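Spelled out from the first residue to the last, the chains are:
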Amino acid sequence: HASSPGIVAVTTGGALVLLNQSTGAAARTLVPSGVIGDEISVAPDGSTVYFVTHHGGCQDEIGSVPASGGSPVKITPGQYPAVSPDGTKLAFAAEPSLTIGCVPSGSNLTAQYKLVVRTLSTGSQAVFPMNPASQASGLPAPISHLSWARDSTQLAVSISQVEDNEGWAVVLVDTAAAAYYEGGTGDTTVPVTGSPRAPDSYYREGVFLPDGNLFVSRACCTGIPVKNTSRLMWEVDISGAQVHQVAIGYPALEHTSLDVSGSGRWLLYLAGNDLYVSRSGRTPAKLAGGLVAAAWM
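Treat the numbers as computed from the prediction; the structure is a model and nothing was measured.

Before going further, it helps to examine the sheet that holds strand E12 (residues 143–148). Two orientations exist for strands paired in a sheet by backbone hydrogen bonds: parallel and antiparallel. If you walk across this open sheet you meet the 4 strands as E12-E13-E14-E15, and the pairing is antiparallel. This sheet does not close on itself; its edge strands, each paired only once, are E12 and strand E15 (187–189). Each strand of the sheet is rotated relative to its neighbour by a mean of 25°, with strand direction disregarded. Examined bridge by bridge, E12 and strand E13 (residues 154–159) share 5 bridges and lie antiparallel to one another. Pairing of leucine 146 across the sheet is with valine 157, part of E13.

In structure tokens form, the structure reads like this:
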């Protein structure tokens, strides 16, 4: 993969590293420990990497570090950072920790789930909560990945299970028009289509391609108990129609940390802890193991 763009990744040991494009080995360490997945993001000029750290306690912190090496800078509490293609905005999730001892007190937990868009030059923030009807249900809709469209206005928001193995979705949020990150004006849920069993299938994660289509991890099937019988890596349009099948994944593994290079020519994702890379939509090849997040540079 010597002709591919650079790749930055997070190891299972919590290090933020630059990978050797040919071998997949860690070539340089940017942050030695405490970094988590599944999302890291690189400024469009390649100068800065945004990441999340967790060093104990109940709060995750978004930070940045120069891609050339240097001291990390703390930015704000949050998860799943995604820098816009024009480099001016950072989208992230603001969600409470549900680990033992960290669950916030009070009855309205759903009010604490938010999508935030921060203007990097000023620090000003636009906040998009769950819609009131969803908040009233008492069931949070956790954000699990974020991806900007080329226009730096629309966001693909991946939502994980609301309850048990139900609720997975990819919602396209127009940040210029929307008030909420799911279920309101300016929000469009991408439908799941095709075989197998579209009504019972779901998008585990989805990210924008430069042409406005989406690269998605499509899983079958929802329900209790969980029975994932297929994982399909597809390119789809915003109506959910299949454009191209990139790969047939592994049913027993989560397929996450999807990313697309700026040119749209290169795709990557993790299957479990293994990194797969696809050139021009061709069958992916495994490049490295032992990772929890990856992104193009």
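According to the stated counting rule, one finds 2 disulfides in the structure shown. Between the sulfur atoms of cysteine 58 and its disulfide mate cysteine 102 the distance is 2.0 Å. Looking down the S-S bond of the cysteine 58 and cysteine 102 bridge, the torsion is -75°, so its handedness is left-handed. Remark: cysteine 102 occurs in the loop between strand E9 (89–94) and strand E10 (114–119) and cysteine 58 occurs in the loop between strand E5 (48–53) and strand E6 (61–66); sequence separation between them is 44 residues. Each sulfur in the disulfide pair cysteine 220 and cysteine 221 lies 1.8 Å from the other. Cysteine 221 matches cysteine 220 in its accessibility class, with the two residues each being buried. Cysteines bonded in the chain are numbered consecutively along the chain; their disulfide partners then correspond to 1-2, 3-4.

Below, the discussion takes up the pattern of salt bridges. All told, the structure shown has 4 salt bridges when counted by the stated rule. Measuring nitrogen to oxygen at the nearest pair gives 3.1 Å for the salt bridge that ties arginine 197 to aspartate 200. Aspartate 200 gets classed as partly exposed once you look at its relative accessible area, which sits at 29%. Between arginine 204 and glutamate 254 there is a salt bridge, with its nearest N and O atoms 2.6 Å apart. Separated by 50 residues along the polypeptide, arginine 204 in strand E16 (residues 201–208) and glutamate 254 in the loop between strand E19 (242–248) and strand E20 (255–260) bring together distant segments of the chain. According to the relative accessible area criterion, arginine 204 is buried, its value standing at 14%. According to the relative accessible area criterion, glutamate 254 is partly exposed, its value standing at 35%. Where salt bridges share partners, they join Arg204, Arg231 and Glu254 into one cluster.

Here the focus is the nonpolar core. Counting 22 residues, the largest nonpolar core has Leu115, Ile143, Leu146, Leu155, Val157 and Tyr181 as its most contacted members. Among the elements of the structure, strand E8 (79–83), E9, E10, E12, E13 and strand E14 (169–174) are those that each provide at least two residues to this core. Once residues lying within four places of it in the same chain are set aside, the contact partners of leucine 115 are Phe92, Ala126, Val127, Phe128, Ile143, Leu146, Leu155, Val157, Val173 and Tyr181.

About the thresholds
- Residues numbered from 1 in each chain as written.
- Predicted model: local features only at pLDDT ≥ 70, side-chain atom pairs only at ≥ 80, totals over all residues.
- Heavy atoms only, no water.
- Pairing = 2+ DSSP bridges.
- Helix = DSSP H or I, 4+ residues; strand = E, 2+ residues; numbered from the N terminus.
- Axes fitted to C-alpha atoms, helices over the stretch in contact; angles between N-to-C directions.
- Disulfide = S-S within 2.5 Å.
- Buried < 20%, exposed > 50% of the residue type's maximum accessible area, 1.4 Å probe, protein only.
- Salt bridge = Lys/Arg side-chain N within 4 Å of Asp/Glu carboxyl O.
- Core = buried A, V, L, I, M, F, W, Y, C linked by side-chain atoms within 4.5 Å.
- Contact = heavy atoms within 4.5 Å.

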